[in-house]
Amino acid sequence: MAVAYGVWRFTKRRLARLLAVLYPVAVTLTIVVTGNHFILDAIAGIAVMAFGFAVMGGLQAVRENGEGGGGGIIANATRGGAVR
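The rules behind the values
Residues numbered from 1 in each chain as written. Predicted model: local features only at pLDDT ≥ 70, side-chain atom pairs only at ≥ 80, totals over all residues. Heavy atoms only, no water. Helix = DSSP H or I, 4+ residues; strand = E, 2+ residues; numbered from the N terminus. Areas by Shrake-Rupley, 256 points an atom, 1.4 Å probe, with all protein chains shown as cover. Expected span 1.5 Å × (residues − 1). Bend = angle between axes of the 7 residues up to and from the residue. 1 Å grid on protein atoms, 1.4 Å probe; cavity = no way out; pocket = protein on both sides within 12 Å on 5 of 7 lines; lining within 4 Å. Points joined across faces, edges and corners; volume = space filled by probe spheres on them. Nonpolar A, V, L, I, M, F, W, Y, C, P; charged D, E, K, R; others polar. Patch = residues over 30% accessible without salt bridge, like charges linked within 9 Å, V, L, I, M, F, W, Y side chains within 5 Å. Salt bridge = Lys/Arg side-chain N within 4 Å of Asp/Glu carboxyl O. Buried < 20%, exposed > 50% of the residue type's maximum accessible area, 1.4 Å probe, protein only. Axes fitted to C-alpha atoms, helices over the stretch in contact; angles between N-to-C directions. Parallel < 35°, antiparallel > 145°, perpendicular 65-115°, else oblique. Contact = heavy atoms within 4.5 Å.

**Student:** Tell me about the overall build of the protein chain, and name the residues and values.
**Tutor:** In terms of helices and strands, the protein chain carries four helices and zero strands. Ordering the α and β elements of the protein chain from the N terminus gives α-α-α-α. In the structure as shown, the protein chain presents an accessible area of about 6,800 Å², 69% of it carried by carbon and sulfur atoms.

**Student:** Summarise helix 2 (residues 14-33); cite the residues concerned and give the values.
**Tutor:** Between its first and last C-alpha, helix 2 extends 28 Å over 20 residues, near the 28 Å set by a 1.5 Å rise per residue. In the structure, helix 2 departs most strongly from a straight axis at Leu 22, where the bend amounts to approximately 30° and where the proline Pro 24 lies between one and four residues downstream. Two residues or fewer past helix 2, Gly 35 is found with a positive phi of approximately 80°.

**Student:** Account for the layout of surface pockets, with residues named and values stated.
**Tutor:** Space inside the largest pocket adds up to approximately 210 Å³. Lining the largest pocket are 13 residues, and of these Met 1, Val 27, Thr 28, Ala 42 and Ile 46 lie nearest its centre. Among the elements of the structure, helix 1 (2-10), helix 2 and helix 3 (39-65) are those that each provide at least two residues to the lining of the largest pocket. Along the lines of polarity and charge, the residues of the lining of the largest pocket split into 10 nonpolar, two polar and one charged.

**Student:** Describe in detail a nonpolar patch on the surface, supporting the description with residues and values.
**Tutor:** A cluster of nonpolar side chains, Val 3, Val 7, Tyr 23 and Val 27, forms an exposed patch at the surface whose accessible area comes to about 310 Å². When contributions to the nonpolar patch are tallied by element, the ones reaching two or more residues are helix 1 and helix 2. Note on placement: Val 7 falls in helix 1. Overall, the relative accessible area of 32% leaves Val 7 in the partly exposed class.

**Student:** Report on the packing of helix 1 against helix 2, specifying residues and quantitative values.
**Tutor:** Look at helix 1 against helix 2: their axes get within 8 Å of each other, and the N-to-C directions meet at 170°. The orientation of helix 1 relative to helix 2 falls into the category roughly antiparallel. Contact residues: Val 3, Ala 4, Val 7 and Trp 8 in helix 1; Ala 16, Arg 17, Ala 20, Val 21, Tyr 23 and Pro 24 in helix 2.

Right, here's the structure in full:
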């Protein structure tokens, strides 16, 4: 899913986007058919990836907005405020 998301987000070509959608389906089908994993494993993997994206999105927002641990102070200072 992460690879498909990256391809989908950073390309405009229709064929690449189609392949991005088909890729996780093909991988999931392959791991289930070969008996290496179950459908629940694929669902758990998607959930872990979604959780990771959510956490990173929240951390990035904190960093950009300056809320919380002072990341915004550092970001603002290095954008030309205190450092010249």
